[in-house]
Amino acid sequence: MHDPAYARGAQRLGALLRKARERLAGGGTAEEALWDLWDGTPWPGRLERAARRGGAAGRNADRDLDAVCALFATAARAEERTGGRGTLNFLEEIEAEDIAADTLTRRAVRPDAVRLMTAHRSKGLQWRLVVVAGVQEGLWPDLRRRGSLLEADRIGRDGLAEPLTPGALLAEERRLFYVAATRARERLVVTAVKAPADDGDQPSRFLTELGVEPKDVTGRPRRPLSVAALVAELRATTVDPRVSDALREAAARRLARLAALADEDGRPLVPSAHPYRWWGMFEPTRSKVPLRNRDQPVVLSGSALDQLANTCALQWFLGREVKADAPATAAQGFGNVVHVLADEVASGHTPADLSVLMERLDSVWNALAFDAPWKSDQEKDNARVALERFLQWHVMDRTGRTPVASEHDFDVTLAAGDYQVRIRGQMDRVEADGDGRAYVVDFKTGKQAPTGKEVERHPQLAVYQLAVREGAVDDVFDGVRPEPGGAELVHLRQGAAQRDGGETVPKVQAQEPLEGEWVGDLLATAAGKVLDERFTPTAGQHCTHCAFRASCSARQEGRHVVE
């Protein structure tokens, strides 16, 4: 390794990472996490004392301090360029570099290119046209006190100098603006934004010092101000039937010129200008093999019925059929663990004792992947509270109901309109009430609960009741077909209202025995969508956690991909 300055800083900080990994993995930008690490260790003081002693140790300490300063600057530039990659990833990337990044070497500039730079970098240079953009009050002049990691900007011949006063800062900002404005040989353009409200964005006081009356420009600019916007406008023009043939042809020619532009290595500079990137121009594809055999019953689950009929058919298809859904999350692992422990208590394999359940929880908890240790601790506390609520609910008298099955598998086929639908799934718990009717319980560990109106027609609970009606629990009722007595959702993450027992017991939402044909209509609708392969997206609250938003035509961020 050639040991660039910032890589040396990474190596020095790397010795502390073993103690600080939890803090660095907890979120925030790489620069913020490095500051946190720097402030939380005695290392800065040691280096400073070593540097003051002089000699070989002092020279090494100076190098280390310079390396850390370079590392912080590199972290800031990396965040601006690529966003939050995480501190550990950033340091690993730095340490893996074989050649130092020369941040001072300027890139070769083509004669016909636009130069983009700071006012400091422009000193000594001139151009025919110069644009000084964003001359806003609060930004230029920026009267905030400057600072750096080691306050090197204050080092003078006689020690540390006093920080600049506001007046001195204003004079320095004015000199910098003068430098920027005098880079133009022929034409100078200065831009600023003025908000209608007095407390909004306002032009800088330096504009009045130019001696020229600013020109107000209202409304959107006549031309696009970015390459992406230009390509979008040209693409829209080429297919707009309201414009003339000559204009459409001119737009197509400009797109062709943009698409032909390439860098020194032959890579296209504007790939979106080429028609092969216009996904919306392609005809929708269709599989030669049907998704389902029309001669066989359509296989569905309670959750699939809810997605197909009430939520989003496209989300169901991409997640369940294409298997393109995101990997299981820690929240799903939380639910699986709690469900298993509830099953063990109901089946008698584990006593209804919180300390025993927590021991079982401890034995598997570390296998769950959380974003940070503090999140794991928080969720473990939530799991403890959920198990406490479950035990309270388990032992309380619920109008004479007794458990007869736990994690009960079922598989029934029934008629729904013109279709045969095969329903498969698993009931968290089946109970018998005092009249011998079957009552189905579904445990929930999510943070949201449906409304009372939604529970009345909750598809998953209704499917459970249909399955009971079709004989799904006959075997646990001694071969006798019980009447459905209803179903309920038990929310272990959420406490009940005060009138229903308070926070120590779970929130319970009940569905009465089925009436009417609404469940059969839902099944027929869902089966028809699957057989006809009509997976139309539907926007709603479920979009918040959907993995397919970026390519969904019902969402603004995905519409540009398919239209």
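Read on for a plain summary of the structure. (Residues numbered from 1 in each chain as written. Predicted model: local features only at pLDDT ≥ 70, side-chain atom pairs only at ≥ 80, totals over all residues. Heavy atoms only, no water.)

## Observations regarding the overall build of the protein
No. 1: When its secondary structure is counted, the protein shows 17 helices and ten strands.
No. 2: Expressed as a percentage of the 563 residues in the protein, the buried residues total 36%.
No. 3: Entry remark: accessible area of the protein is about 35,000 Å², with carbon and sulfur atoms responsible for 50%. (Helix = DSSP H or I, 4+ residues; strand = E, 2+ residues; numbered from the N terminus. Buried < 20%, exposed > 50% of the residue type's maximum accessible area, 1.4 Å probe, protein only. Areas by Shrake-Rupley, 256 points an atom, 1.4 Å probe, with all protein chains shown as cover.)

## Observations concerning the pattern of salt bridges
No. 1: Inspection of the entire model under this criterion finds 24 salt bridges.
No. 2: Two residues, Arg401 and Glu488, come together in a salt bridge whose shortest N-O distance is 3.0 Å. One end of the pair, Arg401, is in the loop between helix H13 (373-395) and strand S6 (402-416); the other, Glu488, is in strand S9 (residues 484-495), and 87 residues separate them in sequence. An identical accessibility class is assigned to Arg401 and Glu488; each is buried.
No. 3: When salt bridges with common partners are traced through the structure, they connect Arg401, Arg429, Glu431 and Glu488 into a single cluster. (Salt bridge = Lys/Arg side-chain N within 4 Å of Asp/Glu carboxyl O.)

## Observations regarding unusual backbone geometry
No. 1: That bond from Trp140 to Pro141 is cis: its omega, 15°, falls within 30 degrees of zero.
No. 2: Along the chain, the position of Pro141 falls in the loop between strand S1 (127-132) and strand S2 (155-156).
No. 3: At Glu407, a position not held by glycine, the phi torsion is positive, near 50°.
No. 4: Topologically, Glu407 is positioned in strand S6.
No. 5: Phi at Asp478 takes a positive value of approximately 60°, unusual for a residue other than glycine.
No. 6: Tracing the backbone shows Asp478 in the loop between helix H15 (459-469) and S9.
No. 7: Here Asp478 falls in the exposed class, since its relative accessible area comes to 74%.

## A word on helix H10 (residues 313-321)
Note: α-helices contain 3.6 residues per turn, so residues at a spacing of three or four share the same orientation.
No. 1: Buried residues of H10: Ala313, Leu314, Gln315, Trp316, Leu318 and Gly319, and no others.
No. 2: At its buried positions, H10 is contacted by helix H9 (302-310) and helix H16 (518-532).
No. 3: One or two positions beyond H10, positive phi appears at Lys323, with a value near 65°. (Contact = heavy atoms within 4.5 Å.)

## Here's the deal with H16
No. 1: Counted at 1.5 Å a residue, the expected span for H16 with its 15 residues is 21 Å, and the 21 Å between its end C-alpha atoms agrees.
No. 2: Of all 15 residues in H16, eleven are buried, a share of seventy percent or more.
No. 3: Restricting attention to buried positions, one finds in H16 the residues Trp518, Val519, Leu522, Leu523, Ala524, Ala526, Ala527, Gly528, Lys529, Val530 and Leu531.
No. 4: Immediately beyond the C-terminal end of H16, within one or two residues, lies Glu533, with a positive phi of roughly 55°. (Expected span 1.5 Å × (residues − 1).)

## So, the packing of aromatic side chains
No. 1: Within the structure shown, the criterion is met by nine aromatic pairs.
No. 2: Where Trp316 meets Phe535, the ring centres are 5.9 Å apart and the plane angle is 40°; that geometry is what we call tilted. Here Trp316 is found in helix H10, whereas its partner Phe535 is found in the loop between H16 and helix H17 (556-562), with 219 residues between them in sequence. Both residues of the pair, Trp316 and Phe535, belong to the buried class.
No. 3: Pairwise contacts between aromatic rings join Trp140, Phe177 and Phe206 into one cluster.
No. 4: Arg401 extends its terminal NZ or CZ atom over the ring of Tyr439, reaching a point 3.9 Å from the ring centre. (Phe/Tyr/Trp six-rings, centres within 6.5 Å; stacked < 30°, edge-to-face > 60°. Lys NZ or Arg CZ within 6 Å of the ring centre and 35° of its normal.)

## Focus on the packing of H9 against H10
No. 1: Packing of H9 against H10 leaves a shortest axis separation of 6 Å and a crossing angle of 135°. Taken as axis vectors, H9 and H10 run oblique relative to one another. From H9, Ser303, Ala304, Gln307 and Leu308 reach across to H10, where they touch Ala313, Gln315, Trp316 and Arg320.
No. 2: Tallied by class, residues from the contact of H9 with H10 come to four nonpolar, three polar and one charged. (Axes fitted to C-alpha atoms, helices over the stretch in contact; angles between N-to-C directions. Parallel < 35°, antiparallel > 145°, perpendicular 65-115°, else oblique. Nonpolar A, V, L, I, M, F, W, Y, C, P; charged D, E, K, R; others polar.)

## Quick word on the pairing of strand S7 (residues 419-432)
No. 1: As defined by bridge partners, strand S5 (residues 298-300) adjoins S7 across three bridges and the pair is classed as parallel. Looking at the pairing, Val299 lines up with Arg422 of S7.
No. 2: Inspection of the sheet shows S6 paired to S7 by 13 bridges, in the antiparallel sense. Across the sheet, the residue bridging to Asp409 is Gln426, located in S7.
No. 3: Here S6 folds back onto S7 in antiparallel fashion, the turn holding two residues, of which Gly417 has a positive phi close to 65°.
No. 4: In the sheet, S7 pairs with strand S8 (residues 438-444) via four bridges, with the strands oriented antiparallel. (Pairing = 2+ DSSP bridges.)

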